[in-house]
Each structure stands twice: as C-alpha cells, then as structure tokens.
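The primary structure of each chain is shown beneath.
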Amino acid sequence: MSDSSGRDAFDGETLDLVIPSTLDAIRVDRALSMLTGLSRSEAHDVLLSGAVSVNAKIVVKPSTSLEEGQHLVAVLPPRASDGVAPDSAVEVDVVLDDEDFAVINKSPGQVVHPGAGQRHGTLVAGLLARYPQMQELSAEGLCDPSRPGIVHRLDKGTSGLMVVAKTPEGFLGLSHQLAERVMERTYLGMVQGHVSEERGVVDAPIGRSTRTPTLMTVRSDGRPARTGYEVITRVDKPDVLTLLRLRLETGRTHQIRVHLATIGHPVVNDLRYGHRRDRRLDEERFFLHSTTLAFHHPRSDERISTHAPLPSDLRDLVPPEFEL
C-alpha cells in the first residue's frame, strides 16, 4: 500500500541488471551515469540516499568498483514530466463530487499516476479528462505535473477510497489535514493466521530495505509509523485467516503491508511481503481495501465521511454469513 503524500522514493524507474564485462572495474557512480543519463552529482545523491545495492548490499561510496557478474539494483529519482494527457477511456468511480475535491473509489489493478512500469491509462489521466481544472494545480507549482491533485495514493493492488483535489484551496487544505493526521483512513485487510489480540497498535519506524531497495522494512532509523488494528472475524477454512479493521495513524509507503508482515501476519496474496500465492485473487491483487475516508471540508470545515464496501473479489473470501 502507498499512502504517503508528496514525492516518494519509489516513483522513479528501478534499474536492475547483472554487470556486463563492459562495466567491469568501472566506478559505480560512473556506471549509474552511463546507464541512466544521470549527472555524476545526481548519481552521488542516489548513492547517498541508500537507493543502490550490489549483491544485496547497500553501496553508498561513489568510488566503489563494480565487477562483472555482480547484481546491481538502483531506485532512480522520478523523471521530469511534462504532464499527463487526459484519457476519457479510463474509468473513474466518483463517490463524492465537490467543487474543491472528489472522493474516488479506486478499482484493484488501477495505477494512480504514471511511474515505473506504466505511463498511460492511469487514474490521473481519467481524472484530467473529467476535471481538466486539476491541471492548473501543476501549473501553479502545487503538484508534480505527473500527479496533479493527488493528495495521497493507494498501491496498484489496493482498492477503495482516496481523495483528490480540484482547486488550490482543496489541495492545500487536504494536504494539511493529512500531514496533521486528522484525516481518518480505515482499511479492511485479510491476513495470514489468527491474530491473537482483539485489538492493538503496531508502532514501528519504516525505511527502505538494506537488501532490496524497492521494498520497505521496519528499521530503527526509519520514519515513525503507527497502524492500529481490530479483529473483525477469524476464518478457519479453507485457510486460517483473520479479517482486520485497520487505521492509519501515519502514512508511510507500504505501511500496512510492512507492519502486518512484521508481526507475522502478512496480507493475503501480498507476494512481496511474505504471503504465498492465493489463486482466488489476481496475482497483483492483495486483500486490502480502503473502506472509510473522513476529513474536514477545506472551506466550510464540515466533517465529510465516505464509505466503500468490499468489492466482490474480496467479499468472496469472507464467510457468507458474516455481514460487513
């Protein structure tokens, strides 16, 4: 799940290759520059951020020499963007439409904005076709051109509610609420095993993995992160699972997925963070749904609350006698 606001270290491309003979004995900063078009200073910044690993070990020293056959992984900074072309073919499920914002029910498999692996057909393209005024937020310097109006985001495999801004007042007001942790975001998640406590809080800082830069992990020098949970029901057949109600108290990249995996209960079908393949769901779809989103109207301060029930692909995994 990606619920952070603003720019994110994982918005750019990922370079992943085995070092060929032509790069044997070449400095890692020079190799990054040659392979990506980054300047040497930009390559230095990427290295110092901890975004480069060689044979699963983080490398920060620019003068480190590469050897043929080594495995290099680097998370690159986002590329400069000229913006996103509107695309009316992209479906946008609008739950609440307001002059300043819209609440969207994102479908599973839908990518929010252009990034590594998908440049076209994103939710942003559909939003711009419906709300062309959102483009002005980028023109005024409030948003990255590739994500006009995006206040917070959901991972591709996560479905449910997210709010987008349509005016400067909407963007600034909603972003402030997110930063001050007054925006309420509640999820439903099915996890592996029986969670023993009826409710609890996972309070553990999150940072980039030192072994795999594209993953997040709990680490002492990470950013503070808190996830509250409450057991809704436990399932015994055909698998031993627990359905949780989850509340984000912070919004770090992949926060819920990392926290639940850390306590030994990874999200169902989350292959990146430890759950085995569940063939009842699409391969890139895990059981995580943003079900409730509440915040104050950026102009009137009226409390706004929206709800999205579980979509059918997830509802099928919940015992039929259980009402949500």
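Refer to the structure printed above.
Only a predicted model underlies this, so the values are computations on that prediction, with no experimental measurement involved.

### Details of the packing of aromatic side chains
- Taken as a whole and judged by the stated rule, the model has one aromatic pair.
- Between F101 and F295, the aromatic rings sit 5.2 Å apart at their centres with planes inclined by 85°, giving edge-to-face as the arrangement. One end of the pair, F101, is in strand β6 (residues 101-106); the other, F295, is in strand β14 (residues 288-296), and 194 residues separate them in sequence.
- The exposure class assigned to F295 is buried, which follows from its relative accessible area of 0%.

### Digging into the nonpolar core
- Core analysis: the biggest nonpolar cluster contains 44 residues, and L127 and F287 have the highest contact counts within it.
- Elements represented by at least two residues in this core include exactly β6, α3 (123-130), β7 (159-165), β8 (184-192), β12 (226-235), β13 (241-248) and α6 (255-262).
- Ignoring sequence-local partners within four residues, the contact set of F287 consists of L188, G189, M190, L243, V267, V268, L281, L310, L314, L317 and V318.
- L15, I19, L47 and L72 belong to the second largest nonpolar core, which has 21 residues in total.

### Some remarks on the pairing of β6
- Counting buried positions over the six residues of β6 gives six, a clear majority of the element.
- Side chains F101, V103 and N105 project from β6 onto one buried face, and the interleaved A102, I104 and K106 project onto a second face that is buried too.
- Examined bridge by bridge, β6 and β7 share six bridges and lie antiparallel to one another. Its bridge partner lying in β7, N105 is registered against L161.

### Section: the sheet that holds strand β3 (residues 57-58)
- Taken together, four strands build an open sheet; the order of strands is β1-β4-β2-β3 and the sheet is antiparallel. The sheet is open, and its two borders are formed by β1 (14-18) and β3, each paired with just one other strand.
- Two strands pair when backbone bridges link them, and strand β2 (residues 52-54) and strand β4 (residues 71-75) are joined in this way by three bridges, in the antiparallel orientation. Note that in β4 the partner of V54 across the bridge is L72.
- Across the sheet, helix α1 (residues 28-36) is in contact with β1, β2 and β4; its angle to β1 comes to roughly 110°.

### Points about helix α2 (residues 40-48)
- Burial in α2 covers these residues: A43, V46 and L47. Buried residues in α2, looked at end-on, bunch into an arc of 100°, giving them a common side. Residues of α2 that are exposed and angled more than 90 degrees away from the buried face: D45 and L48.
- In this structure, the buried side of α2 is in contact with α1, β2 and β4.
- Positive backbone phi, approximately 80°, marks G50, located one or two places after α2.

### Remarks on the pairing of β7
- Burial within β7 is extensive, with seven of its seven residues counted as buried.
- With two bridges joining them, β7 and β14 adopt parallel strand pairing. By the bridge assignment for β14, G160 is matched with S290.

### Notes on unusual backbone geometry
- P238 follows K237 through a cis peptide bond whose omega is -5°.
- Note that P238 resides in the loop between β12 and β13.

### Section: the packing of α1 against α2
- Interaxial distance between α1 and α2 falls to 9 Å at its minimum, and their mutual angle equals 115°. In this structure, α1 meets α2 at a crossing whose hand is right-handed. On the side of α1, the interface is formed by V28, D29, R30, L32 and S33, while α2 contributes R40, A43, H44 and L47.
- Broken down by class, the residue content of the contact of α1 with α2 amounts to four nonpolar, two polar and three charged.

### Comments concerning the side chain of D270
- The topology assignment puts D270 in the loop between α6 and β14.
- When its relative accessible area of 1% is taken as the criterion, D270 is described as buried.
- Leaving out residues up to four positions away in the same chain, D270 has contacts with R257, H275 and F286.

### Let's talk about the environment of T233
- Tracing the backbone through its elements, the reader meets T233 in strand β12.
- Contact partners of T233, with chain neighbours within four places excluded, come to T242, L243 and F322.

### Details of the pattern of salt bridges
- The full count for this structure, using the stated rule, is 19 salt bridges.
- Measuring nitrogen to oxygen at the nearest pair gives 3.3 Å for the salt bridge that ties R40 to D29. With R40 in helix α2 and D29 in helix α1, this residue pair connects regions lying 11 residues apart in the sequence.
- Salt bridges sharing common partners tie together D239, R276, D278 and R280.

What counts and how
Residues numbered from 1 in each chain as written. Predicted model: local features only at pLDDT ≥ 70, side-chain atom pairs only at ≥ 80, totals over all residues. Heavy atoms only, no water. Phe/Tyr/Trp six-rings, centres within 6.5 Å; stacked < 30°, edge-to-face > 60°. Helix = DSSP H or I, 4+ residues; strand = E, 2+ residues; numbered from the N terminus. Buried < 20%, exposed > 50% of the residue type's maximum accessible area, 1.4 Å probe, protein only. Core = buried A, V, L, I, M, F, W, Y, C linked by side-chain atoms within 4.5 Å. Contact = heavy atoms within 4.5 Å. Pairing = 2+ DSSP bridges. Axes fitted to C-alpha atoms, helices over the stretch in contact; angles between N-to-C directions. Arc of directions from axis to C-beta. Left-handed = near helix turned anticlockwise from the far one by under 90°. Nonpolar A, V, L, I, M, F, W, Y, C, P; charged D, E, K, R; others polar. Salt bridge = Lys/Arg side-chain N within 4 Å of Asp/Glu carboxyl O.

By themselves, these are just geometric observations and shouldn't be taken as functional.
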